[in-house]
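# An overview of the molecular structure
Residue-level listing of the chains:
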Amino acid sequence: DWDQLQRDLRSIDGQQYGAYKRLLGRYDHAGPSFALSVDHVQGDAYAAPSRVRAVMPLAQTGFPSGYLQSEIRRVALCDYVTRTAASIIRDKHLDRNVGGGNGGWSSPKGGAFNINAPGQEVLPRTSAIVSGDETIELRFTVALPAAGRTVLGQQANQILAINLVELIKNTLLHGNLDEKKLALHISSVENQHHLRQQLSANNLIAFVANGSILPRASGASATPMLDNSVVPFQSPPELSVTLTQADGVAVSGMGIPKGITLLTGGGFHGKSTLLEALELGVYDHIPTDGRERIVTDPSAVKIRAEDGRPVTGADISPFISTLPGGKDPKRFSTDDASGSTSMAANIQEALEAGSTSLLIDEDSSATNLLVRDARMQALIQNEPITPLVSKVRALYAQHGVSTVMVVGGLGDWLSVADTVIAMDYYVPRLITSQVEDVLRQFPSDVAQDAQYGSVPQRAVQVQVPGEISPYTASRSFINIKPAVRNPVADPAQAPQGIDLQGLDQLVEVGQARMIAATVQRFGRATEGKPVDLKSLLATLEEEVNLDQDMPATLSGGELVAVRKYEVAAALSRLRGLRVA
Ligand code: ADP
Ligand code: MG
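A short tour of the structure in this document, coming up. (Residues numbered from 1 in each chain as written. Chains lettered and ligands numbered in written order. Predicted model: local features only at pLDDT ≥ 70, side-chain atom pairs only at ≥ 80, totals over all residues. Heavy atoms only, no water.)

What follows covers the overall build of the chain. Helix and strand counts for the chain stand at 14 helices and 28 strands. Here the chain has a C-alpha radius of gyration of 26 Å; the compact-globule value for 580 residues is 25 Å, and the two agree. Expressed as lengths along the three principal axes of its C-alpha atoms, the size of the chain is roughly 85 × 65 × 40 Å. Within the chain, buried positions represent 53% of all 580 residues. Surface exposure of the chain reaches about 24900 Å², of which carbon and sulfur atoms provide 51%. Distance from the positive charge centre (52 side chains) to the negative charge centre (62 side chains) of the chain: 4 Å. (Helix = DSSP H or I, 4+ residues; strand = E, 2+ residues; numbered from the N terminus. Rg over C-alpha atoms; globule rule 2.2 N^0.38 Å. Buried < 20%, exposed > 50% of the residue type's maximum accessible area, 1.4 Å probe, protein only. Areas by Shrake-Rupley, 256 points an atom, 1.4 Å probe, with all protein chains shown as cover. Lys, Arg positive; Asp, Glu negative; His and termini not counted. Charge placed at Lys NZ, Arg CZ, Asp CG, Glu CD.)

Structure, rendered in structure tokens:
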């Protein structure tokens, strides 16, 4: 029990740091009742911090049972609890830094709590988990305090036996939370989820509610632009649809129909901002975000050119008929793809993973994969590339895959669009009929392929060439430590790892950690034997159950749910993937 914890901490005061290991185990606190589980104790003061969990019976929390009624409500509740803990921890640390008072929790000798702090998206995370109808648990790290190499038992007691209890009381007890904010958080998330589920039945791939705030505070920030100059979103009348939220409230906005949609307009008029909002509409957002009523087909994938990426056995034959050096475009492999081949591979891999909507911005594309104008067709006879503009209709007709494309300068795309939206000083207008006039005035025959070609289905061998640890992942890179270190420095041996920079729909480092854990798990589970990539990904369908099959070393709170599309994209970028 708690006295035991305090006795243990007193007894190790002044001992070697390693004596902290004695804390491993479980301590029960009474009033409020919860169990503290010390799962991992750091080896020294400079090592990665210790991992602890507080597990409280739901009956003790006082959360209304309605908040636990559905999976999505539980996700929202846990997300809120994590945010509350993160903000308490941040404020307490700031207290010390600004005031130097006694209210702060951090000390230069250690003692800092840390919890994986969420951004603008509401996601299932391992930082807070409801198990069955029994318990809710909060997972975080704590740096155990030391003077040099010795244990500071008194401080540790303050941190673990006193501050931690305060943190738990203010995070897990319903009576201590801001009930209005919590209720809004849960209903907002449930409403978004509900809106997203209505898309397909309404023949839509996205919905942007009127009044949404799309632009961000800056290029480096995910928080909303708060200036007076911001123009709230307003649907063109012709595309206006009204959907019903989970709480019964009707909400109107712009529906983007299935098929081929162009977002066009002058430079700097808000095209990319709208596309970026659609990219992240696969996730739910916090109520103050401005994008909390923008929802997108949950399988939508942003496609971009990504020269330099590795490609393994990808079938890029719909776009590229022949490759120099007799390489087979049905099984294209390279360590260093070009703009067009990387973009072709990105499209094909998204389809392989099951995406039904592609989101593309001309700004981040390889032009030669998007179009080839009449003059270039006349000039270059043996061009092996069939551009997307010639395939995009067949892609929709044969495979039901929609495309939203931001176009500034490529007029050929006008001839293949079902819907053309022009952004005009941040205001969208439907201009499909003006487009018809323009097409009559400036006819151009864009060759159309009736056949899209094959959608790949690879059997892959997941071989991780070394040790992969979720704890060394960053938002843009997963490190892989080589199994055998080459004693002779070999400049050809670039740092091993999976480059995630091209994945615009990853929003948190915890998702990169989740991918790292998943790739590692796939490697172990398949033992390098060939498996159908699709069925491997199907094992992720239950992605909300984050803890399933997780190795014990991952009992921390650092993982965040990720879609199978990002996992597939990461696997495809693994140098060491083999295709049977
Ligand atoms: P485009 O892709 O059409 O060139 P962007 O989407 O990059 O334009 O937007 C240009 C600038 O306008 C960005 O700085 C963006 O933050 C800002 N912006 C976009 N939408 C709005 C809006 N609704 N209100 C105010 N500013 C906006
Ligand atoms: Mg742009």
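Attention now moves to the packing of helix H12 (residues 509–526) against helix H14 (residues 564–572). Across the interface, H12 lies against H14 with an axial gap of 10 Å and an inter-helix angle of 65 degrees. For the pair H12 and H14, the sense of crossing is right-handed. Counted together, Ile-515, Thr-518, Val-519 and Phe-522 of H12 and Glu-566, Val-567, Ala-570 and Leu-571 of H14 form the full contact between these two elements. Of the residues assigned to the contact of H12 with H14, the class counts are six nonpolar, one polar and one charged. (Axes fitted to C-alpha atoms, helices over the stretch in contact; angles between N-to-C directions. Left-handed = near helix turned anticlockwise from the far one by under 90°. Contact = heavy atoms within 4.5 Å. Nonpolar A, V, L, I, M, F, W, Y, C, P; charged D, E, K, R; others polar.)

Right, let's get into the packing of helix H1 (residues 2–11) against helix H4 (residues 153–172). The geometry of a pair of packed helices is captured by two quantities: the angle between their axes and the separation between those axes. Direction vectors running N to C along H1 and H4 enclose 155 degrees, while the axes themselves pass 8 Å from each other. For the element pair H1 / H4, the angle class is roughly antiparallel. Residues Trp-2, Leu-5, Gln-6 and Leu-9 of H1 touch H4, and the partners they reach there are Gly-153, Ala-156, Asn-157, Leu-160, Ala-161, Leu-164 and Val-165. Considered class by class, the residues forming the contact of H1 with H4 number eight nonpolar, three polar and no charged. (Parallel < 35°, antiparallel > 145°, perpendicular 65-115°, else oblique.)

You can see Gly-119 is positioned in the loop between strand S4 (113–114) and strand S5 (121–122). For Gly-119, a relative accessible area of 28% translates into the label partly exposed. Through-space distance from the C-alpha of Gly-119 to that of Pro-32 is 30 Å; in sequence the pair is 87 residues apart. Apart from residues no more than four positions distant in its own chain, Gly-119 is found in contact with Arg-83 and Glu-508.

Around ligand 1, a shell composed of 14 residues is seen, among which Val-231, Phe-268, Lys-271, Ser-272 and Thr-273 lie nearest. Note that an oxygen atom of ligand 1 is positioned 2.6 Å from one of the side-chain N or O atoms of Thr-273. One of the side-chain nitrogen or oxygen atoms of Tyr-426 is found 3.2 Å away from an oxygen atom of ligand 1. When ligand 1 sits alone it has 560 Å² of accessible area, and the protein chains cover 81% of it. Of the residues contributing to the shell around ligand 1, the split by class is six nonpolar, seven polar and one charged. (Near = heavy atom within 4 Å. Polar contact = N/O pair within 3.5 Å; in protein donor to acceptor, adjacent residues only side chain to side chain.)

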